[in-house]
Amino acid sequence: MKCKKRMLLSLFPAFRRHARRLLCALVTAAALLASACAPAASTCDARLRAVATTCMVGDLAAQVGGARVQVSTLFGPGIDPHQYRAAPRDIQTLQSAQVIFRSGLNLEAKLGEIFDRLGERMPVIAVTSALPPEVVLSEPAYPDRPDPHVWFDVQLWAQGADVVAEALSTLDPAGAPEYAARAAAYRERLAALDAYAGQAIASIPAGQRVLVTAHDAFQYFGRRYGIEVSGLQGVSTEAEAGVQDVQRLVEFIVARQIPAIFVESSVPARTLEAVQQAAAAGGWDVQIGGQLYSDAMGDTGTLEGTYVGMSLHNIATITHALGGTLPPLPESLADYQDVLTRAQGAA
C-alpha cells in the first residue's frame, strides 16, 4: 500500500503539468471560439462594412456613406502610410469588410499583394481612380512614379466622393439616392474649402510664398494654390534624408530668406530642426512655422480629425507663418472657426 501511495505521489507533478496544459488549451479554444462567433453577433447591424486605409479616405467614405455605412480605418492619426505594414489584426479587419477603400497611386504600396488577394472576394476601390492621368503629378526624382498626395488639391480630392458613392450604390442599391445626395453636398462644401484656400494663400507676400516641409508631399497644394514647395525628403518618407539633402535645403532657405519652415505630424521633427540650426549657423534665423498634417489627419473626434478641419489647419498655419492674412470663413465652413483659432495660437 505504501508503495502504491509513493507511486501516486510521484505521478502528481506530472498530472498537474498535464492539467495546466489542458486548461491552457481549453482557454485558447474558448478564445478562438469567441472570436469566430463575434462576426455572427454583428449581423444584426444592417450597415455596410467598409474599411479605409488612411484617415482621409475613411473620412471621405463616412461623409458619403452616412448612417448606412460603418467605416473602419487602418491608419490612425500620426501613422505614416508610406512605411505601413499590415499586422495580423489588420488582415482580420480587411477580411471582415464588404468593401475596401484605398487612396491609390501607390500610397499603400506595401499592401498591394493583400489588396490583390482580397480583390478576388470583394471590391477594393481606389478613390483616386477617376482622375485623368494628365492631372496626376509624378515624383520629381522618379518621373515614372505617381505622387499619391492628391488630397492636398481639394478640387481633385472632391472627385473621390462620386467614386465612393458609386461603389456604395452598387452594394446597396436602396441607398443610392442618399449616397448621391450626400456626395453632392460634400462636394459643395469642398468647393468652398478650395476657394478659401486660394484666397488665403494669395494673401501671402509673393516673395515669401514658399512652403518648406519635411517631405515633398505638397506638390498638389503648390500647383493648385500658387505656392512654391520644397521638401527635405522626397515624395516617400522611406529613404532617410542625408547630409547633402540638408545642405541643399539650408542653402535654399538662406538664399531666399524664407521666414518659416514646417514640421509634419507623421514625420519626425528632428530633421527639420537640424535644418533650422544649420540655417542659423549660416546667418539666417528661420522659424518653425508650425506642424502640418500631411499623410494623416488630427486626433479622432476633433475637428482636425476631419479632412476639412485638417485642411483648414494647414491653410491657417501656412498663411499665418508666412505673413499672410486669413479671410473670414464662408458660412458653410463656419463650424470650423476653432480650427483657425488653434492653428494661429500654436504658431
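Preceding this paragraph is the structure being described.
Residues numbered from 1 in each chain as written. Predicted model: local features only at pLDDT ≥ 70, side-chain atom pairs only at ≥ 80, totals over all residues. Heavy atoms only, no water.

## A few points about the sheet that holds strand β2 (residues 69–73)
Phase 1: On the basis of which strands lie adjacent, the open sheet formed by 4 strands has the order β2-β1-β3-β4 and parallel pairing. Every interior strand has two partners, whereas the edge strands, β2 and β4 (124–126), have only one. Pairwise comparison of adjacent strand axes, ignoring direction, gives a mean angle of 25 degrees for this sheet.
Phase 2: Of the strand pairs in this sheet, strand β3 (residues 99–102) and β4 are connected by 3 bridges, and their pairing is parallel. By the bridge assignment, Arg-102 is partnered in β4 with Ala-126.
Phase 3: Against the sheet, helix α6 (residues 160–171) touches β1 (48–52), β2, β3 and β4, its axis set at about 175 degrees to β3. (Pairing = 2+ DSSP bridges. Helix = DSSP H or I, 4+ residues; strand = E, 2+ residues; numbered from the N terminus. Axes fitted to C-alpha atoms, helices over the stretch in contact; angles between N-to-C directions. Contact = heavy atoms within 4.5 Å.)

## Brief notes about the pairing of strand β9 (residues 260–264)
Phase 1: Summarising burial for β9: 5 of the 5 residues are buried, a large majority.
Phase 2: Residues of β9 alternate between two faces, with Ala-260, Phe-262 and Glu-264 on one and Ile-261 and Val-263 on the opposite face, all of them buried.
Phase 3: Assessed by its sense of winding, the connection that carries the chain from β9 through helix α10 (residues 270–281) to strand β10 (residues 287–292) is right-handed. (Buried < 20%, exposed > 50% of the residue type's maximum accessible area, 1.4 Å probe, protein only. Right-handed = clockwise from strand over helix to strand, strands pointing away.)

## Some details on the environment of Leu-74
Phase 1: The topology assignment puts Leu-74 in the loop between β2 and α3 (88–95).
Phase 2: Each C-alpha atom of the pair Leu-74 and Ala-52 lies 6.4 Å from the other, and the pair is 22 residues apart in sequence.

## Focus: the pattern of salt bridges
Phase 1: This model, assessed by the stated rule, comprises 6 salt bridges.
Phase 2: Measuring nitrogen to oxygen at the nearest pair gives 2.8 Å for the salt bridge that ties Asp-172 to Arg-68. Linking Asp-172 in the loop between α6 and α7 (176–202) with Arg-68 in the loop between α2 (55–65) and β2, this pair joins segments that are 104 residues apart in sequence.
Phase 3: Among the residues examined, Asp-172 registers a relative accessible area of 12% and is labelled buried.
Phase 4: Judged by its relative accessible area of 29%, Arg-68 is partly exposed.
Phase 5: Between Arg-187 and Asp-162 there is a salt bridge, with the nearest N and O atoms lying 2.4 Å from each other. Note that Arg-187 is positioned in helix α7 and Asp-162 in helix α6, a separation of 25 residues in sequence.
Phase 6: The class of Arg-187 is partly exposed, set by a relative accessible area of 30%.
Phase 7: Asp-162 sits in the partly exposed class, given a relative accessible area of 38%.
Phase 8: By sharing partners, the salt bridges in this structure join Asp-153, Asp-194 and Arg-224 into a single network. (Salt bridge = Lys/Arg side-chain N within 4 Å of Asp/Glu carboxyl O.)

## Side note on α2
Phase 1: Within α2, 9 of the 11 residues are buried, leaving the element largely enclosed by the surrounding structure.
Phase 2: One or two steps after α2, the chain reaches Gly-66, where phi turns positive at roughly 60 degrees.

## Structural notes on the nonpolar core
Phase 1: In this structure, Phe-101, Phe-221, Tyr-307, Leu-312 and Ile-318 are the most contacted members of the largest nonpolar core, which totals 66 residues.
Phase 2: Considering each element in turn, this core owes the most residues, 10 residues, to α7.
Phase 3: Sequence-distant contacts of Phe-101, that is, excluding residues within four places in its chain, are made with Ala-50, Val-51, Ala-52, Thr-53, Val-57, Ala-61, Ile-125, Val-127, Val-164, Ala-167 and Leu-168. (Core = buried A, V, L, I, M, F, W, Y, C linked by side-chain atoms within 4.5 Å.)

## Considerations on the side chain of Asp-59
Phase 1: By secondary structure assignment, the location of Asp-59 is in helix α2.
Phase 2: There is no salt bridge for the buried Asp-59, and the closest opposite charge comes from Arg-189, which lies 8.6 Å off by N-O distance.
Phase 3: Within the structure, the side chain of Asp-59 is placed 3.4 Å from the side chain of Tyr-186, a separation counted as a polar contact.
Phase 4: With near-sequence residues (within four places) excluded, Asp-59 lies in contact with Tyr-186, Met-297, Thr-306 and Tyr-307. (Lys, Arg positive; Asp, Glu negative; His and termini not counted. Polar contact = N/O pair within 3.5 Å; in protein donor to acceptor, adjacent residues only side chain to side chain.)

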